[in-house]
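Listed below are the residues making up each chain.
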Amino acid sequence: MIKKTVNNVTEALEGVKDGMTMMLGGFGLCGIPENSISELVRLNVKDLTCISNNAGVDDFGLGLLLHKKQIKKMISSYVGENAEFERQMLSGELDVELTPQGTLAAKCQAAQQGFPAIFTPAGYGTEVAEGKEVREFDGKMHVLEHAYKADFAFVKAWKGDEAGNLIFKGTARNFNPLMCGAATVTVVEVEELVKPGELDPNQIHIPGIFVQRIFQGKSYEKRIEQKTVRKK
């Protein structure tokens, strides 16, 4: 059995350098790799291209990297609740590539599965399709989208074992599974790390073959982006 466990987040992020392209799982603040993001802030790596659904909020998630001007380009599907993201985009400080959310997911999955590109009807006839190949299938126009190429993918899972098998919980099963194996190195942080054989094989969402490094995460805040409760 291949043991993929590393001792801590510092070891997990060995090899991270300026100018790299990175995938980061999560949707809003749900299921984001908090430990890995904090380590990227500490390392102070610059000129990063980040592929993520959005960029967190001003003082949490990828917003921490934006505040330190560590991100050169953001590939995402929406600006979200991050005022600094919006400010940098409108001022031209940050290169932003807005992508339809389904296309973002599909391009991650294409990279994961080894497909160089996909055709999608999303974005045809809009700015999204400018400069891209367009082809008709069954009477409907589709846009050619190339799979992402990333150096690292940072993923958050609920449980994992030392062989890299993963289980995601609830809504955190968003972009995380699609990014596993979609980069040269996939780094996974988990809330609970167990020995091989302790996970029910029928519950595993991602097999360990898609993971290079896994470590036990700690001190998760799990913030709620927009807290909504029922009136009494």
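Residues numbered from 1 in each chain as written. Predicted model: local features only at pLDDT ≥ 70, side-chain atom pairs only at ≥ 80, totals over all residues. Heavy atoms only, no water.

K.L.:
So what's going on with the pattern of salt bridges? Which residues, and what values?
P.N.:
Side chains carrying opposite charge are able to pair once their charged atoms draw close together. Counted by the stated rule, this structure contains 14 salt bridges. We note a salt bridge from glutamate 192 to lysine 159, for which the minimum N-O separation is 3.9 Å. Within this pair, whereas glutamate 192 is found in strand E10 (residues 183–194), its partner lysine 159 is found in strand E8 (residues 150–161), the two being separated by 33 residues in sequence. We classify lysine 159 as partly exposed; its relative accessible area is 22%. Here lysine 195 and glutamate 162 are joined by a salt bridge, their closest N and O atoms 3.1 Å apart. Residue lysine 195 is found in the loop between E10 and strand E11 (213–216), and its partner glutamate 162 is found in the loop between E8 and strand E9 (166–167); the two are separated by 33 residues along the sequence. (Salt bridge = Lys/Arg side-chain N within 4 Å of Asp/Glu carboxyl O. Helix = DSSP H or I, 4+ residues; strand = E, 2+ residues; numbered from the N terminus. Buried < 20%, exposed > 50% of the residue type's maximum accessible area, 1.4 Å probe, protein only.)

K.L.:
Tell me about the environment of alanine 183, residues and numbers included.
P.N.:
Turning to its location among the elements, alanine 183 is positioned in strand E10. Alanine 183 sits in the buried class, given a relative accessible area of 13%. With 28 residues separating them along the chain, alanine 183 and valine 211 place their C-alpha atoms 9.8 Å apart. If we ignore the near neighbours within four places in the chain, the residues touching alanine 183 are Ala150, Asp151, Phe152 and Ala153. (Contact = heavy atoms within 4.5 Å.)

K.L.:
Describe the pairing of strand E2 (residues 48–51), naming the residues involved and giving the relevant values.
P.N.:
Side chains of E2 alternate between two faces, with Leu48 and Cys50 and Thr49 and Ile51 buried alike. Looking at chain direction, strand E1 (residues 21–24) and E2 are connected through 3 bridges and run parallel. Residue pairing for E2: methionine 22 is matched across the bridge by cysteine 50. Bridge count between E2 and strand E3 (residues 71–76): 4 bridges; the pairing is parallel. Its bridge partner lying in E3, cysteine 50 is registered against methionine 74. (Pairing = 2+ DSSP bridges.)

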